[in-house]
Amino acid sequence: MNTNKKLGAAVPLLLLAVLAVGMFGGAMALWWERLNVNVNVNTGTLDAQLSVEGSGDNEEALAVQAGEPDPTVKDVSNITCTLADDANSIDIVINNAYPGVTYYCNINLENTGTIPFKVYGTPTLEGNITTVMTSDSGFQNGTIVNGLQMHPGDVVYDTLAITLTNSAQENSVYTGHLNITVEQWNEFPTAPPS
Amino acid sequence: MNSNRKAVLPIGLPLMLALVIASIAGASALWYKTMDTNITVHSGELDWEFRNNTVFTSDPCTDNMNNSITWPDSNAFPPDFDVVIAPEGKDVGCTGLGLIDSDGDGDYDTLNVTLNNVYPYYATEVDFRVWNIGTIPLKIWRIQVILDNGTIYEYTEANPNEVEHEGLYLDLNGDGNYDVIMLWGDNFGNQLETGQNADISLHVIVLQTAPQGANLHFMIGLDAVQWNEYSSVVPQQGP
């Protein structure tokens, strides 16, 4: 009984003490005032896309030069240039190719991002096809070259041409690839990470 | 009859005595007068604000008439992050500023800074002036850099180095990579009397690991405290 009575008296006292401390603490808070600076960073995008403007070869032209009455009969080989779904690469396949004929693919490069970019390095063909192609194969117009700057919406056009030399073997498969690297204009010519 | 007379006497005596004592007491009361002191406390106000036409950026999106303008970007490259005009004076990104009265009390308490279409090493500087519009002096106490995930970085006069000189690297989207560097030209501890102002600057530099096409956000809470209790919230530096 005594213990209960003591507890009964202590609880309200404690509550009062807590309330008093709370009020005291509130009263003691120093005055201060906050200003806010909200910083929103909306980053842009660096993006490029390829597209195929056209493709072909010069078989018929060669036939005309050679005096062929019906140059169409000389059109025995062909090239296809297929843009990938992501527009980041083009598959080029030349069928029934043979030396002396020039096969070409007209390629567009477009800045589809929101910031300017520059082409890093002059794109060159690599792979074993380079061992059997003439020295004048590659981009023909000299537009897609190291340092080319393109602003959002800009489009440049170039022709990728491949001509086999006589060292090409029959019934063989030659492959090659060509990379075009673009990077933000303000950091050119820093090498992009490998 | 006798009994009644005897009964009357004892009642009458105490009454007489009481009247006598009362009259004597009244006659001997000390002189006094109550003086009242009424206390009325009109407390002051601690308040400060941003103001129009005292907020500037190195790369504005619009002019004073809110028309879009061409203004060359600034860049800041490592390792020293010195701010330079972007190569070729190109204008790609810009920094928008807006003042807001968030609590409707008639003064601007929030500055919105929006970096638009920015890219690695884009750098912007925002200069603004804060005004003491209260009635008591204040001291610029601290900033709290608050990320959306709840992380808070706090700086005062006691620890300004990182945010003032070295740069505070911030991962704003929680991907483990730093997105921006922030620097603060502080004025920590500066005292503003009523009506006085101070200039403060903010630098933001975008880093290579910032995601493309992203909306990133952080907030800076800028706190002022009553001048006479500043030392209780900021440990004073020894000599």
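As the structure is a computational prediction, the values presented were derived from the model and not from experiment. (Residues numbered from 1 in each chain as written. Chains lettered and ligands numbered in written order. Predicted model: local features only at pLDDT ≥ 70, side-chain atom pairs only at ≥ 80, totals over all residues.)

Undergrad: Honestly, the overall build of chain B in this entry has me stumped. Any pointers?
TA: Broken down by element type, chain B carries three helices and 13 strands. Expressed as a percentage of its 239 residues, the buried residues of chain B come to 28%. Nonlocal contacts in chain B, meaning residues at least 24 apart in sequence, comprise 64% of its contacts between residues at least 6 apart. (Helix = DSSP H or I, 4+ residues; strand = E, 2+ residues; numbered from the N terminus. Buried ≥ 20, exposed ≤ 12 C-beta atoms within 10 Å, placed from the backbone. Contact = placed C-beta atoms within 7 Å.)

Undergrad: What exactly am I supposed to notice about the overall build of chain A here?
TA: A count of helical and extended segments in chain A gives two helices and 12 strands. Element order for chain A, N to C, with α for helix and β for strand: α-β-β-α-β-β-β-β-β-β-β-β-β-β. Looking at chain A as a whole, 24% of its 194 residues qualify as buried. For chain A, the proportion of contacts with a sequence separation of at least 24, taken over those separated by at least 6, is 72%.

Undergrad: Before we go on, may I ask you to explain the interface of chain A and chain B in this structure?
TA: By a widely used convention, the size of an interface equals the accessible area lost when the partners come together. In this complex, chain A contributes 24 residues to the contact, which on the side of chain B involves 48 residues. For the side of chain A that touches chain B, the residue count by class is 11 nonpolar, 10 polar and three charged. Pairing of strand 1 (residues 32-43) of chain A with strand 13 (residues 215-226) of chain B, which is carried by 11 bridges, proceeds in the antiparallel orientation. Across the sheet, residue Arg-34 of chain A finds its bridge partner in strand 13 of chain B, namely Asp-223 of chain B. (Nonpolar A, V, L, I, M, F, W, Y, C, P; charged D, E, K, R; others polar. Pairing = 2+ DSSP bridges.)

Undergrad: In this structure, what is going on with the sheet that holds strand 6 (residues 117-120) of chain A? I would like to understand it.
TA: Either a parallel or an antiparallel arrangement is found when strands of a sheet pair, and the pairing is made through backbone hydrogen bonds. All names here are of chain A. Ordered by their spatial adjacency, three strands build an open sheet running 9-6-12, and the pairing between neighbours is antiparallel. A strand with exactly one partner marks an edge of an open sheet, and here the two such strands are strand 9 (149-150) and strand 12 (181-184). The pairing of strand 6 with strand 12 spans four bridges and is classified as antiparallel. Within strand 12, the residue paired with Val-119 across the bridge is Val-182.

Undergrad: Quick question: what am I supposed to make of the confidence of the model for chain A here?
TA: Detail in the predicted coordinates should be disregarded across regions flagged by low pLDDT. Put simply, chain A has an average pLDDT of 88, and 86% of its residues get 70 or more. Counted against residues more than four places away or in other chains, residues 1-5 of chain A, with its pLDDT under 50, gives zero contacts. (pLDDT = per-residue confidence, 0-100.)

Undergrad: Is there a simple way to think about the sheet that holds strand 2 (residues 48-57) of chain A in this case?
TA: Residues and elements named next belong to chain A. On the basis of which strands lie adjacent, the open sheet formed by four strands has the order 2-5-10-8 and antiparallel pairing. Each end of this open sheet is capped by a strand with a single partner; those strands are strand 2 and strand 8 (138-139). Judged from the nine bridges that link them, strand 5 (residues 102-111) and strand 10 (residues 155-163) form a sheet pairing that is antiparallel. Its bridge partner being in strand 10, Tyr-103 is matched across the sheet by Ile-162.

Undergrad: I tried to follow the pairing of strand 12 (residues 197-206) of chain B on my own but got confused; where do I start?
TA: Each regular strand displays side chains that alternate between the two surfaces of the sheet. Residue and element names in this part refer to chain B. Here nine bridges tie strand 6 (residues 122-132) to strand 12, and the two strands are oriented antiparallel to one another. Directly across from Asp-127, in strand 12, lies its bridge partner Ser-201. Pairing of strand 10 (residues 180-185) with strand 12 involves six bridges; the strand directions are antiparallel. What sits directly across from Met-182, in strand 12, is Val-204.

Undergrad: I tried to follow unusual backbone geometry on my own but got confused; where do I start?
TA: Glycine aside, the phi torsion of most residues is negative, and most peptide linkages are trans. Of note, the amide linkage connecting Phe-188 of chain A to Pro-189 of chain A takes the cis form, showing an omega dihedral of 5°. Note on placement: Pro-189 of chain A falls in the segment after strand 12. The omega torsion of the bond from Pro-78 of chain B to Pro-79 of chain B falls at 10°, within 30 degrees of zero and hence cis. Here Pro-79 of chain B lies in the loop between strand 2 (74-77) and strand 3 (82-85). Although it is not a glycine, Asn-66 of chain B sits at a positive phi angle of roughly 70°. Considering the arrangement of structural elements, one finds Asn-66 of chain B in the loop between strand 1 (48-57) and strand 2. On the neighbour-count criterion, Asn-66 of chain B (8 C-beta atoms within 10 Å) is exposed. Residue Asn-187 of chain B is not a glycine yet carries a positive backbone phi of 65°. Structurally, Asn-187 of chain B is set in the loop between strand 10 and strand 11 (191-192).

Undergrad: So what exactly am I meant to see when it comes to the confidence of the model for chain B here?
TA: Confidence in the prediction of chain B, expressed as mean pLDDT, is 89, and 87% of residues score 70 or more. Across the predicted assembly, pTM comes out at 0.81 and ipTM at 0.82.

Undergrad: Just to check I follow, could you spell out the pairing of strand 5 of chain A for this structure?
TA: Residues and elements named next belong to chain A. The buried fraction of strand 5 amounts to seven of the 10 residues, a majority that puts the element mostly inside the structure. Summarising the sheet, strand 2 and strand 5 pair through nine bridges and their orientation is antiparallel. If you follow Val-52 over to strand 5, its bridge partner there is Ile-107.

Undergrad: Can you help me understand the nonpolar core in this one?
TA: Nonpolar side chains in soluble globular proteins tend to end up buried together. Counting 73 residues, the largest nonpolar core has Val-41 of chain A together with Val-180, Met-182, Val-204 and Val-206 of chain B as the members making the most contacts within it. Here the element with the most residues in this core is strand 13 of chain B; it accounts for six residues. If we skip the residues at most four places from it in the chain, Val-180 of chain B touches Val-41 of chain A together with Leu-170, Leu-172, Val-204, Ile-205, Val-206, Leu-207 and Ala-210 of chain B. (Core = buried A, V, L, I, M, F, W, Y, C linked by C-beta atoms within 7 Å.)

Undergrad: What is the right way to read the environment of Asn-228 of chain B from this model?
TA: If you trace the backbone, Asn-228 of chain B turns up in the loop between strand 13 and helix 3 (230-233). Separated by 193 residues in sequence, Asn-228 of chain B and Met-35 of chain B place their C-alpha atoms 34 Å apart.

Undergrad: Explanation requested: the environment of Asp-91 of chain B in the structure shown.
TA: Residue position: Asp-91 of chain B is located in the loop between strand 3 and strand 4 (94-100). For Asp-91 of chain B, a count of 14 C-beta atoms within 10 Å gives the class partly exposed.

Undergrad: So what exactly am I meant to see when it comes to the environment of Tyr-108 of chain B here?
TA: All names here are of chain B. Looking at the secondary structure, you find Tyr-108 in the loop between strand 4 and strand 5 (110-118). Once the C-alpha coordinates of Tyr-108 and Thr-62 are considered, the two residues, 46 residues apart in sequence, prove to be 20 Å apart. Ignoring sequence-local partners within four residues, the contact set of Tyr-108 consists of Glu-49, Phe-50, Arg-51, Leu-99, Ile-100 and Asp-101.

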